[in-house]
Amino acid sequence: MAWQGMTAADVPAADRFDWFAQVVSQVMLPTAFETEDTAGFYAQGGMLHLGAAQVSRFSYSPLRSRRTPALIRAGDPEQYQLALVTRGSAWFSQLDAEARIGPGDLVVFDSSRPYASGSGLDGEDVEAVVLQIPKDRMPLPSQKVGRLLARRIAGGAGMTALLSRFLTALAEEGPDCPGQQLTGLGSMAVELAASALAGQLGADREAPAELRAHALLREVRAYIEHHLADPDLTPRATAARHHISLRSLYALFEDEPEGVAATIRRRRLERCREDLARPGLAHEPIQTVAARWGFTSATAFSRTFRAVYGTTPREYRADALGSSRG
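What you are looking at is a predicted structure, and each value in this text was computed from that prediction instead of being measured.

Draft legend 1. Structural view of the environment of Leu162. Structurally, the position occupied by Leu162 is in helix α4 (residues 158-173). When its relative accessible area of 29% is taken as the criterion, Leu162 is described as partly exposed. For the pair Leu162 and Ala193, spaced 31 residues apart in sequence, the C-alpha to C-alpha distance is 9.5 Å.

Draft legend 2. Quick look at the environment of Val27. Mapped onto the elements, Val27 comes out in helix α1 (residues 16-27). Judged by its relative accessible area of 23%, Val27 falls in the partly exposed class.

Draft legend 3. View of the side chain of Ser61. Mapped onto the secondary structure, Ser61 falls in the loop between β4 (53-60) and β5 (63-67). Other than its neighbours up to four places away in sequence, Ser61 contacts Gly40, Phe41, Tyr42, Ser119 and Asp125.

Draft legend 4. Structural detail: helix α9 (residues 260-276). Compared with an ideal rise of 1.5 Å per residue, which puts 17 residues at 24 Å, α9 spans 24 Å between its outermost C-alpha atoms and is within 8% of the ideal. The set of residues buried in α9 consists of Val260, Thr263, Ile264, Arg267, Arg268, Leu269, Glu270, Arg271, Cys272, Asp275 and Leu276.

Draft legend 5. Main features of the sheet that holds strand β10 (residues 115-119). Taken in spatial order, the five strands of this open sheet run β2-β5-β10-β7-β8, and their pairing is antiparallel. The outermost strands of the open sheet, each flanked by one partner alone, are β2 (32-34) and β8 (97-101). Pairs of neighbouring strands in the sheet enclose a mean axial angle of 10°, with direction left out of account. Taken together, the five bridges between strand β7 (residues 90-94) and β10 define a ladder with antiparallel strand orientation. Counterpart to Ser93 in the pairing with β10 is Ala116. Strand contacts of α1: β2 and β5, with the helix running at about 155° to β2, the strand carrying the most contacts.

Draft legend 6. A look at the pattern of salt bridges. Under the definition given, this model contains 19 salt bridges. A salt bridge links Lys135 to Asp110; its shortest N-O distance comes to 2.7 Å. On the criterion of sequence distance, the pair formed by Lys135 in the loop between β11 (126-134) and α3 (142-146) and Asp110 in strand β9 (residues 106-110) is long-range, its members being 25 residues apart. In this structure, Asp275 and Arg292 form a salt bridge, with 2.9 Å as the shortest nitrogen-oxygen distance. Here Asp275, found in helix α9, pairs with Arg292, found in helix α10 (residues 286-292); they are 17 residues apart in sequence, far enough to count as distant. You can call Arg292 partly exposed: its relative accessible area is 28%. Shared partners join several salt bridges into a network, and the residues in it are Glu225, Glu258, Arg266, Arg267, Glu270, Arg271 and Glu274.

Draft legend 7. Structural view of the pairing of β7. Here β7 shows a clear split, with Ala90, Phe92 and Gln94 buried on one side and none of Trp91 and Ser93 buried on the other. Of the pairings in the sheet, the one linking β7 to β8 comprises five bridges and is antiparallel in character. Counted as the bridge partner of Gln94 is Ala97 from β8. Connecting the antiparallel pair β7 and β8 is a turn made up of two residues, with Leu95 showing a positive phi of about 55°.

Draft legend 8. Layout of the pairing of strand β6 (residues 79-87). The element β6 is extensively covered by neighbouring structure, given that seven of its nine residues are classed as buried. Direction of pairing for β6 relative to β11: antiparallel, over a ladder of eight bridges. Counterpart to Gln79 in the pairing with β11 is Pro134. The pairing of β6 with β9 spans five bridges and is antiparallel. Of the residues in β9, the one forming a bridge with Ala83 is Val107.

How each quantity is defined
- Residues numbered from 1 in each chain as written.
- Predicted model: local features only at pLDDT ≥ 70, side-chain atom pairs only at ≥ 80, totals over all residues.
- Heavy atoms only, no water.
- Helix = DSSP H or I, 4+ residues; strand = E, 2+ residues; numbered from the N terminus.
- Buried < 20%, exposed > 50% of the residue type's maximum accessible area, 1.4 Å probe, protein only.
- Contact = heavy atoms within 4.5 Å.
- Expected span 1.5 Å × (residues − 1).
- Pairing = 2+ DSSP bridges.
- Axes fitted to C-alpha atoms, helices over the stretch in contact; angles between N-to-C directions.
- Salt bridge = Lys/Arg side-chain N within 4 Å of Asp/Glu carboxyl O.

Interpretation note: all reported values are geometric properties and have no functional meaning in isolation.
Structure representation (structure tokens):
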């Protein structure tokens, strides 16, 4: 299951705080918690698995937490955890740094080092989205990430604003995405996070060209995915949308298995093939299916489909629907 949701409403009031502490220690990392109002404590949230990465979203009553050397020895996922506060306030302390953050701010911490944190500084509940990134998947060198631990990262502008919106949308909409898309979304989240952190270290001069190119490539791929139905989606239009030259767009795809035009064509064909195999869409004319995913010529669609899949759209639909009935 990609999405794992939970709520303290399913737990007796007297056990809710202990339940929350146990859940976080099991699904994220061993942590010690304290709260001044055990009887009134409440929490809810969930985790979304994105391949190697994971995004979690929690809202909870004010509390304090700490991760000691003993807890690290008890279990260390060896991750960087990037927290975005979407409601309320919190503070984090790790090594010699401490950050006080509010809505829209981010902070990063290292699961392999002791830390302390507190939330609900004003007595109000807190809501946060946490991206868990395995250290071996972080594009930035560890010494550079170390310079940002427990430091407030304002999320109101530039790359950090883009990252904040992406994480929020991922937590809200991700559970509705097909499982095969989640790994790609996880890769996008990691590369956006790395680009945002690199920007905090000194803008473009600290962000390796390769890292910036990867982030842009992910952005371009996401744009293509969301505009497949647009018949005007072309390499030239894609380049213009991202304010780069057509030559620069082609250069982004040089080391990829296929070029940008081939990527657009393949994803359109895959979406058409998915729809042709759906019993609920069996009444739709094949031309309607093709047009829905950006093919303006039924003849060209049929020819391209056969060249790629070795069968006509009509034959494919008949075989797929016949198999589903069987």
